[in-house]
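Each chain, written out:
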Amino acid sequence: MNQKSLRLQLRSRRTALCCILLTGAAAVSTVAGTRLHNGHHTPLSTDPSTNSATRLKLVRRSSTIPVNLRALLEAATFAAEDAYPPTDLETRANMFRGMGNIFEVPRQVMFVSAAASLPGVQLIGEIGFNAGHSAITALWSNENATLVSFDTQDLDWSKQSLSFVSRIYPHRIDRVKGPSQVTIPVFASKDARKLDMLFVDGVHSGDTPYLDIVNGRLASLPHAYVMIDDWSESFPDVQTAWQRAKREGVIEEILCETESGRFNGFAKGYCLGKYL
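Residues numbered from 1 in each chain as written. Predicted model: local features only at pLDDT ≥ 70, side-chain atom pairs only at ≥ 80, totals over all residues. Heavy atoms only, no water.

Colleague: So what's going on with the overall build of the protein chain? Residues and values would help.
Modeller: Each helix and strand counted, the protein chain has eleven helices and seven strands in total. Expressed as a percentage of the 276 residues in the protein chain, the buried residues total 50%. When contacts within the protein chain are restricted to residue pairs at least 6 apart in sequence, long-range pairs at least 24 apart make up 79% of them. Summed over all atoms, the accessible surface of the protein chain reaches about 12,500 Å², with 54% contributed by carbon and sulfur. (Helix = DSSP H or I, 4+ residues; strand = E, 2+ residues; numbered from the N terminus. Buried < 20%, exposed > 50% of the residue type's maximum accessible area, 1.4 Å probe, protein only. Contact = heavy atoms within 4.5 Å. Areas by Shrake-Rupley, 256 points an atom, 1.4 Å probe, with all protein chains shown as cover.)

Below is the structure:
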């Protein structure tokens, strides 16, 4: 790519970012964020029959990302890329290799979208932020929701990505920095708020996925939803954690799905359940 083409591409991306930030996304954020931080929650259903309705909604979801949401997710990618010099095209092109993000899998984007907009979901916790694609999807899909990000914030683009999402959705995202094995129990013991949904997408190895699920219950309301990413053969410890939590009566599974093909070299799967 020559320098003129590069300048035009970067100018186009900057224009896209400016347009996104000037949309009405932020307009509903202030009102929703203020209301939810004051703790007014719609109770989650304890009726087991709601699991069937939830499953049906997820199965019947669209696999096409709406245009406005797609634009936000693309802008999030551009914002993360800006952690690197404009001329470092190779790094920009490969920055998500080995970790990926849900924007690579449209059906997963719509899975998260459908889950985040389930009745009663207003305070969402997310372990693992990356470039903010999941957070944007959840907040775009549910204008009554706020999100707490539990993340080590040690990626090159963590600062840019958190800043970008905060500008789009002011007053609707809180940042808790540190390893989830520490921050989730602290949040559970010291924060008056309780989660309606937890999205587990942090460390994928060892006991951490299991500890994230178990500790997440302490920080959540009874019967809160719990999602987990990368439930696939590529990440056996994630699968083991989910199965163990089911076996020990920590969670009840509603739906698990796997995608055909591989993404960034990995098999892809994800689950939604409820805490018991």
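Colleague: Run through the side chain of N215, naming residues and quoting values.
Modeller: Relative to the assigned elements, N215 resides in helix α10 (residues 208–218). You can call N215 buried: its relative accessible area is 13%. Residues in contact with N215, not counting those within four places in the same chain, are Q181, I184 and P185.

Colleague: Break down the pattern of salt bridges for me, with residues and values.
Modeller: Tallying each qualifying case throughout the model produces twelve salt bridges. Across the pair R193 and D174 runs a salt bridge, and its minimum N-O distance is 2.7 Å. Placement of the pair is R193 in the loop between α9 (180–190) and β4 (195–200) and D174 in strand β3 (residues 173–177), with a sequence separation of 19 residues. With a relative accessible area of 16%, R193 lands in the buried category. Look at D174 and you get partly exposed, because its relative accessible area is 22%. K268 is paired through a salt bridge with D229; the nearest N and O atoms lie 3.2 Å apart. In this pair, K268 is assigned in strand β7 (residues 266–275) and D229 in strand β5 (residues 220–229), connecting sequence segments 39 residues apart. Grouping residues by exposure puts K268 and D229 together as buried. (Salt bridge = Lys/Arg side-chain N within 4 Å of Asp/Glu carboxyl O.)

Colleague: I'd love a proper account of the environment of M197, names of residues and values included.
Modeller: Positionally, M197 belongs in strand β4. Between the alpha carbons of M197 and R217 there is a distance of 9.7 Å; along the sequence they are 20 residues apart. Apart from the residues within four sequence positions on either side, M197 is in contact with A115, A116, L118, V121, L123, I124, G125, A224, Y225, M227 and L272.

Colleague: I'd like a rundown of the packing of aromatic side chains, residues and numbers included.
Modeller: Overall, the coordinates contain five aromatic pairs when judged by the stated rule. Ring centres of F235 and F266 lie 5.1 Å apart, and the angle between their planes is 40°; this geometry places the pair in the tilted category. Of this pair, F235 sits in the loop between β5 and α11 (236–247) while F266 sits in strand β7, and the two are 31 residues apart along the sequence. According to the relative accessible area criterion, F266 is partly exposed, its value standing at 26%. Against the face of Y210 rests R244, its NZ or CZ located 3.7 Å from the ring centre. (Phe/Tyr/Trp six-rings, centres within 6.5 Å; stacked < 30°, edge-to-face > 60°. Lys NZ or Arg CZ within 6 Å of the ring centre and 35° of its normal.)

Colleague: Please provide a residue-by-residue account of the state of the cysteines, values included.
Modeller: Per the stated rule, a full pass over the model turns up one disulfide. Note on cysteine connectivity: C256 is disulfide-linked to C271, with sulfurs 2.0 Å apart. Disulfide C256-C271: torsion about the S-S bond near 115°, hence right-handed. You can see C256 sitting in strand β6 (residues 251–263) and its partner C271 sitting in strand β7, a full 15 residues away along the chain. In this structure, C256 and C271 share a single accessibility class: buried. (Disulfide = S-S within 2.5 Å.)

Colleague: Let's hear about the sheet that holds β3: which residues, and what values?
Modeller: Strand pairing within a sheet occurs via backbone hydrogen bonds; the two strands may be parallel or antiparallel. In spatial order, the strands read β3-β2-β1-β4-β5-β7-β6; together these seven strands make up an open sheet with mixed pairing. Two strands close off the open sheet at either side, each with one partner strand: β3 and β6. Between one strand axis and the next, the sheet turns by 15° as a mean value, whatever way the strands run. Where strand β1 (residues 123–127) and strand β2 (residues 146–151) come together, five bridges link them in parallel fashion. Directly across from L123, in β2, lies its bridge partner T146. (Pairing = 2+ DSSP bridges. Axes fitted to C-alpha atoms, helices over the stretch in contact; angles between N-to-C directions.)

Colleague: Run through unusual backbone geometry, naming residues and quoting values.
Modeller: Phi at N130 is positive, roughly 55°, even though this residue is not glycine. With respect to the helices, strands and loops of the structure, N130 is situated in the loop between β1 and α7 (133–141). Residue class for N130 comes out buried when judged on its relative accessible area of 17%. If you check the backbone angles, H171 has positive phi at about 70° while not being a glycine. By secondary structure assignment, the location of H171 is in the loop between α8 (158–168) and β3.

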